[in-house]
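For reference, the chains in residue letters:
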Amino acid sequence: MFIPREVLSRCVPFALYMLIMASSPVIAELAGLSQPQQNWLYALRVGVPLLAMLYFRRDYGELRAQRFGIGGLLAALLLGLLIFVLWINLSDGWMVITAPAGFVPKTAAGVPDWTLIAVRWCGAALVVPLMEELFWRSFVQRWLDRPAFLQLAPGAGSLKALLIASLLFGSEHSLWLAGIVAGLAYGWLYRRFGNLWLAVLAHALTNGVLGLWVVQGGYWQFW
């Protein structure tokens, strides 16, 4: 079965991320890794998709030479911060699929591992937003309306596609309701301004501020 390169370039990094995340417990068990050592598998989880995106970088034409006005920039910044606030508050029992164990970046001695914290923060704030927006917004949100998705301008996408993509995005996260709201926000930005960088920026701001908040307060369950 032939899969177009424009589909592969947006799906492969995300698929690798999910595959490594799902297989991490097996890798840890086979390698006999302690809990602090298992945390370093996160570097593999974001590093491999990053390499994949670098390999496919020439296929991301919509990321090149895109400009946006002050209105789009302000909308992305405000939504990014708003989603952070909602994310840490939409966390009651019924809003959670499975209670996450959290990512606790500490050494065996129980002290913070700042190198690991930096890796985690950079992965969550820089790699994941680009990878997920390429998959969920650039690909899925348009593909739902037209299989030849590159022929569909972001602003021409339907509300139905925005809703379905956001529901699927939410199902990817333990905090499913917060995930749906975030998906709607990032998807709306992409649809309204037709610029994927604005969705990436809002997503990165949410994840970046969340990471700082988690580390400052020790709220590891949100990481």
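Residues numbered from 1 in each chain as written. Predicted model: local features only at pLDDT ≥ 70, side-chain atom pairs only at ≥ 80, totals over all residues. Heavy atoms only, no water.

**Q** Hey, could you run me through the nonpolar core in this one?
**A** Soluble, globular proteins show a tendency: their nonpolar side chains are buried together. Core analysis: the biggest nonpolar cluster contains 54 residues, and Trp87 and Tyr186 have the highest contact counts within it. When residues of this core are traced back to their parent elements, those giving at least two are α1 (5-31), α3 (41-55), α4 (70-89), α5 (114-143), α6 (159-171), α7 (176-193) and α8 (196-217). No other element matches the 12 residues that α5 contributes to this core. Contacts of Trp87, omitting those with residues within four sequence positions, involve His173, Leu175, Ala178, Gly179, Ala182, Leu210 and Phe222. (Core = buried A, V, L, I, M, F, W, Y, C linked by side-chain atoms within 4.5 Å. Buried < 20%, exposed > 50% of the residue type's maximum accessible area, 1.4 Å probe, protein only. Helix = DSSP H or I, 4+ residues; strand = E, 2+ residues; numbered from the N terminus. Contact = heavy atoms within 4.5 Å.)

**Q** Could you clarify how one ought to interpret α4 in this entry?
**A** Owing to its 3.6 residues per turn, the α-helix aligns residues three or four sequence positions apart on the same side. The terminal C-alpha atoms of α4, which comprises 20 residues, lie 29 Å apart, in line with the 28 Å expected from a rise of 1.5 Å per residue. Of all the residues in α4, the buried ones are Gly72, Ala75, Ala76, Leu79, Gly80, Ile83, Phe84, Trp87 and Ile88. Along its buried surface, α4 packs onto α7 and α8. (Expected span 1.5 Å × (residues − 1).)

**Q** Which parts of the structure should I look at to understand the side chain of Asp59?
**A** With respect to the element layout, Asp59 can be found in the loop between α3 and α4. A polar contact is formed between the side chain of Asp59 and the side chain of Arg5, at a distance of 2.8 Å. Not counting chain neighbours up to four residues away, the residues in contact with Asp59 comprise Arg5, Ser9 and Arg10. (Polar contact = N/O pair within 3.5 Å; in protein donor to acceptor, adjacent residues only side chain to side chain.)

**Q** What should I look at first to understand the packing of aromatic side chains in this one?
**A** Here a ring pair, both rings aromatic, is described through the centre-centre distance and the interplanar angle of the planes. As enumerated under the stated definition, the model contains 17 aromatic pairs in all. Measuring from ring centre to ring centre gives 6.0 Å for Trp188 and Phe193, while their planes differ by 85°; the resulting arrangement is edge-to-face. By relative accessible area, which is 37% here, Trp188 ends up partly exposed. For Phe193, a relative accessible area of 29% puts it in the partly exposed group. The rings of Phe14, Phe135, Trp136, Phe139, Trp143, Phe149, Phe169 and Tyr186 are connected pair by pair, giving a single aromatic cluster. (Phe/Tyr/Trp six-rings, centres within 6.5 Å; stacked < 30°, edge-to-face > 60°.)

**Q** Got a minute to help me understand α7 in this structure?
**A** Under the 1.5 Å per step criterion, the end-to-end length of α7 is 26 Å for 18 residues, consistent within 8% with the ideal 26 Å. Considered for burial, the residues of α7 that qualify are Leu177, Ala178, Gly179, Ile180, Ala182, Gly183, Ala185, Tyr186, Gly187, Leu189 and Tyr190. Buried residues along α7 sit in contact with α4, α5, α6 and α8.

**Q** What should I look at first to understand the packing of α4 against α8 in this one?
**A** Between two packed helices, what matters for the description is the angle formed by their axes and the separation of those axes. The contact between α4 and α8 brings their axes to 8 Å, and the two run at 40°. Here α4 is positioned oblique relative to α8, judged by the angle of their axes. For the pair α4 and α8, the sense of crossing is right-handed. Of the residues in α8, those touching α4 at Gly72, Leu73, Ala76, Leu77, Leu79, Gly80, Leu81, Ile83, Phe84, Trp87 and Ile88 are Leu198, Leu201, Ala202, Leu205, Thr206, Val209, Leu210 and Trp213. Of the residues contributing to the contact of α4 with α8, the split by class is 16 nonpolar, 3 polar and no charged. (Axes fitted to C-alpha atoms, helices over the stretch in contact; angles between N-to-C directions. Parallel < 35°, antiparallel > 145°, perpendicular 65-115°, else oblique. Left-handed = near helix turned anticlockwise from the far one by under 90°. Nonpolar A, V, L, I, M, F, W, Y, C, P; charged D, E, K, R; others polar.)

Note that all results are geometric; they support no functional claim without further evidence.
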